[in-house]
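One letter stands for each residue in the lines below.
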Amino acid sequence: MTPLAPAQHPWSQRRPAAPLLMLLPALVLLPLAAVLPAVVHGGGWELIGQFAFAAITPSGDHVLLASALRGLGVTVAVALLGWAVSLALGLVGGVLSSRTVWRTMAGRVWPAGALRRLLAIPRSIHELLWGLLLLQLVGLQPAVAVLAIAIPYAALVARVVSDLLDALPTAPLEALRAAGAAAPAALLTALGPALLPGVFSYGGYRLECALRSATLLGVFGLGGLGTELRLTLQSLQFHELWTCLWLLLAVMLLLEGLVRLLRRRWGMPGRFGLAAGAVGSRGRELLLATLALLPVLLLLALALGVNPAALLVVQALPPFHPDCPAVLALPWGAMVGSTLLLTLLAAALAVGVAPLLLLLVAPWPWGRLLLQGLWALGRLWPPPLTALLLLFVLKPGLITAALALAFHNLGVLGRLLLEAADAAGGGAEAALRCAGCGPRLALFYGRFSGLSRSYLAYGAYRADVILRETVVVGLVGAAGLGTLLLEALSSFAVDQLLALVAVYAALTLLGEDLSDRVRHRLLAA
């Protein structure tokens, strides 16, 4: 018998079922379970128990509540101002970096590509690094936190806006130009209404991220409720800590609910591309809401004492004496390798564990509520504080840092998975249940089948985000390049700091390109 050719071999035609792809990253739990006992120490389990018990007995001290509310107000104000500035700058940058706009206005597209590459630099640097760098330059002031959020977020918004513009059909634009309309008017008329749903949907998501970023900046001393969280955790005042956490959780859930309500009312597409209607029917409401927001932002800036002119006064810096041998002597290979390994481990945990947990609790109605609460805490709790909490029972190192990052990103991915599963409808799942399948199999094949590729595509994007976030846990002495960044900042080693930031930016840009390729391949399959 003639053997089958490799392309015709039965095993070559076998591929994992689509929903099974969602669970493949969870296989990282097997080696993690093997190495985790080696990093566990028995010194802090009592503290972990006290921390958990304090969740149901938060402090009601009036002085603490007043301080927490003031810190919460600062955090929300910084988030709103940073988000608003980033959205305005990002919209302008997105239009200026759109190939469609340049082709229509000037008949060439190379300026769009050049501007895209230029905007890649600020978005490759995490907002925490921007905050710490600005802190060294202009000192501690509210405008530093606002600008630290606005700079990278504006570049991210610009990238999304330019991609949305270039993806829109150009037939209406070409028809208007052929009819004699001027280029700016044709662009605004043909592309403006079609662009609005995506811009405002992504803007809502960015607002949620801005709240988390403002909290994170506070953890590192830039003011707000994050500072209260760090101080109460370091002093082991868990009851006071949970008072601050519950207040922040209430604001976060309120914000998420408001964004979800506006997305449905104004027909904004969700993050998996599902839309509720047409934004044009609610355009007047959207415009009025935008105009009403302007005086609110002005009042917040005045209340915070934001003074843009103060950013122009640069503090005296130590003399710059580059020491190339010292820079080259840094353990680049080990630090880059640990950063990449940390990213892969945290991303695999976050992407794979979210659907796995949802499958495990599928038979129990209360299980979904439990997961929603757990994932809400994951989104809320800044990774550096998670790392500090894990250090009560784990040794410092890559595993501890990966678990801290994975818990935070698990909260984000878990929420998105639930939203996508609800939006997908339960017809196929109900049919499988009627055919005798159990709740887990019905969920697995009924809902996960249609979501697997889009979920993994978003997981690839999230891996790119995790690569940026490794600096966060590195700055608390956990692992990766962030540890060297902290040492360079504390010792004012400007040459090492510049080299480390450049390497970090290069890594994040390479990760961004790789994640884009993976997403396009998944969505095109």
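Treat the numbers as computed from the prediction; the structure is a model and nothing was measured.

### Re the overall build of the protein
So, point 1. A tally of helices and strands in the protein yields 23 helices and zero strands.
So, point 2. Its C-alpha radius of gyration of 24 Å places the protein within 12% of the 24 Å reference for a compact globule of 525 residues.
So, point 3. Its C-alpha atoms give the protein principal-axis dimensions of about 65 × 60 × 55 Å.
So, point 4. Within the protein, the fraction of its 525 residues that count as buried is 49%.
So, point 5. On the protein, roughly 24600 Å² of surface is accessible, and the fraction owed to carbon and sulfur atoms is 72%.
So, point 6. Here the protein contributes 34 positively and 22 negatively charged side chains, and the mean placements of these two sets differ by 10 Å.

### Some thoughts on the packing of aromatic side chains
So, point 1. In total, this model carries ten aromatic pairs according to the counting rule given.
So, point 2. Relative to Trp381, the ring of Phe51 lies with its centre 5.9 Å away and its plane at 55°, an arrangement referred to as tilted. Of this pair, Phe51 sits in helix α3 (residues 45-54) while Trp381 sits in the loop between α16 (365-380) and α17 (383-390), and the two are 330 residues apart along the sequence. Like Phe51, the residue Trp381 is buried in the burial classification.
So, point 3. Seen from their ring centres, Trp242 and Trp246 are 5.2 Å apart, and the 40° between their planes marks the pair as tilted. A residue pair is termed a helical-turn pair when its members lie 3 or 4 positions apart in one helix, as Trp242 and Trp246 do in helix α12 (residues 238-265) at four residues.
So, point 4. For Trp242, a relative accessible area of 6% gives the class buried.
So, point 5. Above the face of the Tyr153 ring, Arg206 is positioned so that its terminal group lies 4.5 Å from the ring centre.

### Here we look at the nonpolar core
So, point 1. The biggest cluster of nonpolar side chains holds 145 residues, and the ones touching the most others in it are Leu233, Leu241, Leu417, Phe448, Tyr455, Leu481 and Leu485.
So, point 2. Setting aside residues no more than four positions away along its own chain, Leu241 makes contact with Phe51, Leu229, Thr232, Leu233 and Trp381.

What counts and what doesn't
Residues numbered from 1 in each chain as written. Predicted model: local features only at pLDDT ≥ 70, side-chain atom pairs only at ≥ 80, totals over all residues. Heavy atoms only, no water. Helix = DSSP H or I, 4+ residues; strand = E, 2+ residues; numbered from the N terminus. Rg over C-alpha atoms; globule rule 2.2 N^0.38 Å. Buried < 20%, exposed > 50% of the residue type's maximum accessible area, 1.4 Å probe, protein only. Areas by Shrake-Rupley, 256 points an atom, 1.4 Å probe, with all protein chains shown as cover. Lys, Arg positive; Asp, Glu negative; His and termini not counted. Charge placed at Lys NZ, Arg CZ, Asp CG, Glu CD. Phe/Tyr/Trp six-rings, centres within 6.5 Å; stacked < 30°, edge-to-face > 60°. Lys NZ or Arg CZ within 6 Å of the ring centre and 35° of its normal. Core = buried A, V, L, I, M, F, W, Y, C linked by side-chain atoms within 4.5 Å. Contact = heavy atoms within 4.5 Å.

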